[in-house]
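Remarks on the overall topology
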Amino acid sequence: MLRVPTCVLSSFEPPQVRNGHSLDLFVQIGSLTKTLTATVLTALADRGVLSLDDPLESFLPAPEGTGITLRHLAEHISGLPRLPPGISGRDPYAAFGPQALDAVVLHLDTLVTAPAGTTEEYSNLGYALLGAALVAATRTPYEELLHRHVLDPLGVTDVAADPPPGRRLCRRGIFGRPERPWTMTGAILPAGGLWATPAATARLVTGLLVDRRLGEPAPAWQRAGRLLWHNGATGGASVFAGAAPQGWVLVHRLSGRSAATDQLALQTLRRFVDVPSQ
């Protein structure tokens with residue numbers, strides 16, 4: 001039986017670290033990155049640098065008339081598809097760099113599948129564009145924005161796009177060798193490219209959702225009743241983070257099977273909290 005490295009942190013019981021996982025090594029957090037990108041967005045809006053209802057073409061050379069705003073991107077109601085064009089293979093985002101994003105922006109009107117604001121469709125492409133718009137609006141690199149508006153105010157370290165190789169924890173193959181992780185440092189970074197230690201990720205969850213030190217949670221967080229949550233997955237890692245009024249949970253597994261990670265997190269919550277079954 002395959003033993004999946006697993007880390008479970010919560011407000012209910014001591015950390016559980018099993019099968020070679022670690023609290024203090026960097027792991028990919030996938031789309032949990034989106035919650036941090038959206039927090040940068042709301043911080044910039046609070047400072048008057050931009051408005052959530054600014055059109056995308058105010059910052060990027062997108063065709064006029066799409067009606068897409070920064071809010072639409074943050075709330076997954078932009079009418080854009082889930083993935084950028086050409087995403088495939090064992091390292092699907094490796095070729096999705098700045099030039100590929102520029103090409104998408106110039107022809108964005110051809111990719112829209114529904115009028116902006118009318119349909120919800122979870123979109124990695126949307127968050128790649130949102131991150132690029134924030135960088136363009138401030139003329140500041142993404143990671144610098146992240147530190148300035150999220151990590152430093154919360155006093156959180158050990159979050160990075162490209163952590164030192166010696167501090168990374170990756171899934172191992174059948175012969176025990178670390179598998180090569182997806183390349184997520186290009187244009188997809190704001191949508192799902194960050195690495196963090198589980199200990200640092202737990203501090204983010206408590207700072208953003210429990211103590212709310214940066215204000216109301218950003219629009220990236222999903223809601224199920226009184227539970228605020230988000231998950232994420234790459235080829236070799238998956239994560240679930242959630243908080244309800246009674247407490248919080250974070251589960252990270254070195255497996256891309258996000259459904260099993262979600263299930264473990266919800267099972268943990270249900271032992272202490274009444275949360276929706278779906």
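Residues numbered from 1 in each chain as written. Predicted model: local features only at pLDDT ≥ 70, side-chain atom pairs only at ≥ 80, totals over all residues. Heavy atoms only, no water.

1. Let's talk about the pairing of strand β8 (residues 238–244)
- Burial runs high along β8: 7 of the 7 residues are buried.
- By the alternation rule, side chains of β8 split into Ser238, Phe240, Gly242 and Ala244 and Val239, Ala241 and Ala243, which are all buried.
- Pairing geometry for strand β7 (residues 227–233) and β8, over 6 bridges, is antiparallel. Paired with tryptophan 229 across the strands is glycine 242, a residue of β8.
- Joining the antiparallel neighbours β7 and β8 is a turn of 4 residues.
- Where β8 lies against strand β9 (residues 247–253), 7 bridges are found, and the strand directions are antiparallel. Across the sheet, residue serine 238 finds its bridge partner in β9, namely arginine 253.
- Taking the residues that link successive antiparallel strands as the turn, the β8-β9 hairpin has 2 residues. (Buried < 20%, exposed > 50% of the residue type's maximum accessible area, 1.4 Å probe, protein only. Helix = DSSP H or I, 4+ residues; strand = E, 2+ residues; numbered from the N terminus. Pairing = 2+ DSSP bridges.)

2. Regarding the sheet that holds strand β4 (residues 159–160)
- One open sheet accounts for 3 strands, arranged β3-β5-β4; its pairing is antiparallel. Single-partner strands in this sheet number two, and they are β3 (27–28) and β4.
- As paired strands, β4 and strand β5 (residues 195–196) are joined by 2 bridges and run antiparallel to one another. What sits directly across from alanine 160, in β5, is tryptophan 195.

3. Some points on the packing of aromatic side chains
- Evaluation of the coordinates by the stated rule reveals 3 aromatic pairs.
- Ring centres of phenylalanine 12 and phenylalanine 272 lie 4.5 Å apart, and the angle between their planes is 5°; on these two criteria the pair is classed as stacked. One end of the pair, phenylalanine 12, is in the loop between β1 (6–10) and β2 (16–18); the other, phenylalanine 272, is in the segment after α8 (258–270), with 260 residues separating them in the sequence.
- Phenylalanine 272 sits in the partly exposed class, given a relative accessible area of 36%.
- The interplanar angle of 5° and the centroid separation of 5.7 Å between the aromatic rings of tryptophan 229 and phenylalanine 240 together place this pair among those described as stacked. Taken together, the residues tryptophan 229 in strand β7 and phenylalanine 240 in strand β8 connect sequence positions 11 residues apart.
- It is arginine 168 that lies over the ring of tryptophan 195; its NZ or CZ is 4.8 Å from the centre. (Phe/Tyr/Trp six-rings, centres within 6.5 Å; stacked < 30°, edge-to-face > 60°. Lys NZ or Arg CZ within 6 Å of the ring centre and 35° of its normal.)

4. A closer look at the packing of helix α3 (residues 98–106) against helix α4 (residues 124–138)
- With their axes 11 Å apart at the nearest point, α3 and α4 run at an angle of 100° to one another. In terms of orientation, α3 lies roughly perpendicular with respect to α4. Where α3 approaches α4, its residues Leu101, Val104 and Val105 are matched on the opposing element by Leu125, Ala128, Leu129 and Ala132.
- Classifying every residue of the contact of α3 with α4 by side-chain character gives 7 nonpolar, no polar and no charged. (Axes fitted to C-alpha atoms, helices over the stretch in contact; angles between N-to-C directions. Parallel < 35°, antiparallel > 145°, perpendicular 65-115°, else oblique. Contact = heavy atoms within 4.5 Å. Nonpolar A, V, L, I, M, F, W, Y, C, P; charged D, E, K, R; others polar.)

5. Overview of the UniProt feature "domain: Beta-lactamase-related" (unreviewed entry) in the chain
- Mapped onto this structure's residue numbering, the UniProt feature "domain: Beta-lactamase-related" (unreviewed entry) falls at residues 26–252.
- Secondary structure content for residues 26–252 is 32% helix and 13% strand, while the C-alpha to C-alpha distance between its ends is 11 Å. (UniProt positions renumbered as here; feature names shortened; annotations may be inferred.)

6. A look at the nonpolar core
- Counting 66 residues, the largest nonpolar core has Leu56, Leu70, Phe96, Leu129, Leu146, Val159 and Leu194 as the members making the most contacts within it.
- The dominant element in this core, judged by the number of residues it contributes, is α4, at 8 residues.
- Core analysis: the second largest hydrophobic core is formed by 11 residues, Val8, Val251, Ala265 and Val275 among them. (Core = buried A, V, L, I, M, F, W, Y, C linked by side-chain atoms within 4.5 Å.)

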